[in-house]
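Structure at a glance
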Amino acid sequence: MKYSIIVQSFNQLGKGMIYIMAEKRKDNKGRNLQKGEGQRKNGRYYFQYKDTLGKNKVVYSWELTELREKERQIKKDLEDGINNTASKMTLNELFDLYISLKNKEKFRDTTKDNYIAMWNLHIRETELGVAEICNIKPTHIKKFYAKLKRKGLSNSTIKLFHSMLLPSFELAVNDDMIRKNPVKNCLEEYKGGAKEKTALTLYEQNELLHFISESNVYNTYEPMIRYMLGTGCRIGEVIGITWSDIDMKNREININHQMIYKRNTEGKTVFTISETKTEAGNRKIPMTQDVYNALCKQRRYNLYMGISRDYKVDNYSNFVFMTKSGRPIAPNGFNNAMKNIVQAYNRLEHIKAESEKRKPILLPHISAHTFRHTACTRMAEAGIQPKTLQYILGHSDMSITMNVYTHAQYDNVKKEVESIEQLKVI
């Protein structure tokens, strides 16, 4: 570094003082360079600094103004304790870190596997997945959600991704990797529009059961549907139940696992046994008479059809509900069957309504979850207390039970009030 000597006299001190001052460095255009700045022979500027971990770092730019903008951000990050090194990790790396830190007691393997599968399918190999988290802005998140929507994914699926992205970035904010969470306020336009979960009315339930029982094509589904309506079990708990879980003598059903149908590491879709969705899912359900009769009918059907009981899934066998080939019933296969049943019923109802010169009363879309929701509603209408209902359904959160319970109770009140209109008031 070059130095110049400047001599300056001070009368009040009566003597001269000598100062040695450093001559400021300049770039090739004669502009003064600040501390840490420099310019290489090829004209490229650089800025040297130490990160929050004390490691030497350098940033470059061909323009001094651009370099100083980088300096400004670096200095601000250093003042706020932002870890620039960590902020260079990719979104995929951040998500993997987030998943690895989840509490296993509250974050069950089935949920974890679902998260990872969805991430691998829609994010991991995309530009968003390999982008450095410090460069991801709210605009990028909004574009990603819009892309999912254009693909035809539902609002609930977009919310699922939001529930993965938001806490991942929150982890980065809390660890001083980035200053702001870019995912916040990106879900607004996708909050509405989700299909409301509706239960079958008692009329619809009875019509469906009557139609299936009279059908030579669909009557094999009757015991399974009655079982679902009488227990409120999740579809995975239904298709995974084995006869060893059924105590016909004491009329008790032991729910301690579920069967899921998902892609494995080889990309094949297979059945696998898993723990119940929540810890509260482990429960014993007493049988109603209708459930007992349905199980007896299912056992007779299995014997009559000669369905093998040897099919194994993770050492579980002798399943209650199976296809004619002896394989478990896949959830999507069951939902497709329900779609065909509803279409067949509605076609017949159109014909009947036309001959009777009335409007047809059609069945709505029905899925496996419809029966769980309907079972919950019927139990609430019957006066079963919320805490008991929560136990039977295996809900971990009481608010989930109360949403259905309150709605069912309101419908009962509404019917009672409407009955007043039938009275003649003098």
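This write-up is about the structure you can find in this document. (Residues numbered from 1 in each chain as written. Predicted model: local features only at pLDDT ≥ 70, side-chain atom pairs only at ≥ 80, totals over all residues. Heavy atoms only, no water.)

A look at the overall build of the chain
- On a plain count of helices and strands, the chain comes out with 14 helices and 10 strands.
- When the 426 residues of the chain are sorted by exposure, 40% land in the buried category.
- Expressed as a percentage of contacts within the chain between residues at least 6 apart in sequence, the contacts between residues at least 24 apart total 56%.
- A total of about 26,100 Å² of accessible surface is found on the chain, and carbon and sulfur atoms cover 51% of it. (Helix = DSSP H or I, 4+ residues; strand = E, 2+ residues; numbered from the N terminus. Buried < 20%, exposed > 50% of the residue type's maximum accessible area, 1.4 Å probe, protein only. Contact = heavy atoms within 4.5 Å. Areas by Shrake-Rupley, 256 points an atom, 1.4 Å probe, with all protein chains shown as cover.)

A look at the sheet that holds strand E5 (residues 56–61)
- Read across the open sheet, the 3 strands follow the order E3-E4-E5; overall the sheet is antiparallel. Two strands bound the open sheet, and with one partner strand each, they are strand E3 (37–39) and E5. Taking each pair of neighbouring strands and ignoring which way they run, the sheet shows an average axis angle of 25 degrees.
- Relative to strand E4 (residues 45–50), E3 runs antiparallel, the two sharing 3 bridges. Counterpart to glutamate 37 in the pairing with E4 is phenylalanine 47. (Pairing = 2+ DSSP bridges. Axes fitted to C-alpha atoms, helices over the stretch in contact; angles between N-to-C directions.)

With respect to the nonpolar core
- By size, the foremost hydrophobic cluster in this structure holds 55 residues, and its most contacted members are Tyr227, Leu295 and Phe371.
- Met89, Leu94, Tyr145 and Met164 belong to the second largest nonpolar core, which has 34 residues in total. (Core = buried A, V, L, I, M, F, W, Y, C linked by side-chain atoms within 4.5 Å.)

Focus: helix H7 (residues 202–214)
- Its 13 residues place the ends of H7 18 Å apart at the C-alpha level, agreeing with the 18 Å of an ideal helix rising 1.5 Å per residue.
- Among all positions of H7, only Glu204, Gln205, Leu208, Leu209, Phe211 and Ile212 are buried. Looking down the long axis of H7, one finds its buried residues gathered within 165 degrees of arc, a one-sided arrangement.
- In the core, the buried residues of H7 are packed alongside helix H8 (222–231), helix H11 (331–355) and helix H12 (368–381). (Expected span 1.5 Å × (residues − 1). Arc of directions from axis to C-beta.)

Focus: the packing of H7 against H8
- Between H7 and H8, the shortest axis-to-axis distance is 10 Å and the interhelical angle comes to 155 degrees. Relative to H8, the element H7 is oriented roughly antiparallel. Judged by the twist between their axes, the crossing of H7 over H8 is left-handed. Here Gln205, Leu209, Ile212 and Ser213 of H7 lie close against H8, whose contacting residues are Glu222, Ile225, Arg226 and Leu229.
- Grouping the constituent residues of the contact of H7 with H8 by class yields 4 nonpolar, 2 polar and 2 charged. (Parallel < 35°, antiparallel > 145°, perpendicular 65-115°, else oblique. Left-handed = near helix turned anticlockwise from the far one by under 90°. Nonpolar A, V, L, I, M, F, W, Y, C, P; charged D, E, K, R; others polar.)

Re unusual backbone geometry
- Here the phi dihedral of asparagine 185 falls at roughly 65 degrees; this positive angle occurs in a residue that is not glycine.
- Relative to the helices and strands, asparagine 185 resides in the loop between helix H6 (155–174) and H7.
- One non-glycine residue, arginine 251, lies in positive phi territory at about 55 degrees.
- Here arginine 251 lies in the loop between strand E6 (246–247) and strand E7 (252–255).
- Looking at arginine 251, the relative accessible area reads 30%, which means it is partly exposed.

Some details on the pattern of salt bridges
- For the structure shown, the criterion picks out 15 salt bridges.
- Across the pair aspartate 290 and arginine 226 runs a salt bridge whose closest N-O atoms are separated by 3.5 Å. One end of the pair, aspartate 290, is in helix H10 (residues 289–305); the other, arginine 226, is in helix H8, with 64 residues separating them in the sequence.
- The class for aspartate 290 is partly exposed, based on a relative accessible area of 36%.
- A salt bridge links arginine 234 to glutamate 237; the shortest N-O distance between them is 2.9 Å. (Salt bridge = Lys/Arg side-chain N within 4 Å of Asp/Glu carboxyl O.)

Digging into the side chain of glutamate 71
- Inspection of the secondary structure puts glutamate 71 in helix H1 (residues 64–80).
- Residues within four places of glutamate 71 in sequence aside, it is in contact with Gln34, Glu37 and Phe47.

Some words on the sheet that holds E6
- Taken together, the 3 strands give an open sheet; going across it, the order is E6-E7-E10, and neighbouring strands pair in antiparallel fashion. On the outer flanks of this sheet lie E6 and strand E10 (283–286), each paired with one strand and no other.
- Where E6 meets E7, 2 bridges bridge the pair, whose relative direction is antiparallel. Within E7, the position partnered with aspartate 247 by the bridge is glutamate 252.

Looking at H11
- For H11, built from 25 residues, the straight-helix expectation of 36 Å at 1.5 Å per residue is met to within 8% by its first-to-last C-alpha distance of 37 Å.
- Within H11, burial applies to Phe334, Ala337, Met338, Ile341, Val342, Ala344, Tyr345, Asn346, Glu349 and Ala353.
- Buried-residue contacts for H11 involve H7, H8, helix H9 (235–240) and H12.
- The first or second residue beyond H11 is lysine 357, which carries a positive phi of 55 degrees.

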